[in-house]
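Each chain, letter by letter, is given below.
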Amino acid sequence: MGYYMYTIMEIYCMNKFCKKLFIFITNIIKGYISWIWYYLYKPYRKKRKELFSKRIKICESCQFFWKPARNCTLCGCFVDIKTKGEFKLDENGISRDGCIMKKW
Ligand code: SF4
């Protein structure tokens, strides 16, 4: 009985590990595809640049923006890099895990 329980748990853990590995690999592939798409497709690049500049303007007018290092004092991220990230958006068009204060 103990042996079977061990085997079932082992299969369960491998399944969880495989799922995490699959998500990790697909995220890397998605990142490369969007990076290639960014450089090859001009309208997409233009749209992304407009989004970056809009986010940067919001950060620069935020009270948590620290001008000397150009970083956010809440999360510690450098906003010039963070605003270029690709985040999932909620129903209001606000990034889910971008800005901590949900400003963009
Ligand atoms: S990431 Fe959000 S909280 Fe941080 S500086 Fe930018 S707008 Fe402000």
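Every chain's residues receive numbers from 1 upward, in the order its sequence appears when written. Predicted model: local features are reported for residues with pLDDT of at least 70 only, side-chain atom pairs are reported and counted for 80 or more only, and whole-chain, interface and lining totals are derived from all residues.

A short note on the environment of W35
Under the scheme used here, helices are H or I runs from DSSP no shorter than 4 residues and strands are E runs no shorter than 2 residues, and both carry numbers assigned from the N terminus. Here W35 is to be found in helix α1 (residues 2-40). A C-alpha to C-alpha distance of 9.7 Å links W35 and R45, two positions ten residues apart in sequence.

Quick word on the site of the ligand
Using a C-beta atom placed from the backbone, a residue is described as near a molecule or strand when that atom lies within 6 Å of it. Neighbouring the ligand are I58, C59, C62, F64, F65, C72, L74, V79, C99, I100, M101 and K103. Of the residues belonging to the shell around the ligand, the class tally is eleven nonpolar, no polar and one charged. Amino acid classes used here: Ala, Val, Leu, Ile, Met, Phe, Trp, Tyr, Cys and Pro are nonpolar; Asp, Glu, Lys and Arg are charged; the rest, including Gly, are polar.

Some words on the confidence of the model for the protein
Caution is warranted with low-pLDDT regions, since their predicted coordinates should not be read in detail. The pLDDT value expresses, per residue, how confident the predictor is, ranging between 0 and 100. For the protein, mean pLDDT is 87; residues scoring 70 or higher make up 94% of the total. In the model of the protein, α1 stands out as the element of lowest mean pLDDT, 81, in contrast to strand β1 (residues 65-66), which has the highest, 96.

Section: unusual backbone geometry
With a phi close to 55°, R70 is a non-glycine residue in the positive phi region. By secondary structure assignment, the location of R70 is in the loop between β1 and β2 (71-72). You can call R70 partly exposed: it has 14 C-beta atoms within 10 Å. Unusually for a residue other than glycine, K102 sits at a positive phi of about 60°. Partly exposed residues are those whose C-beta has more than 12 but fewer than 20 other C-beta atoms within 10 Å; 20 or more makes a residue buried and 12 or fewer makes it exposed, with C-beta atoms placed from the backbone.

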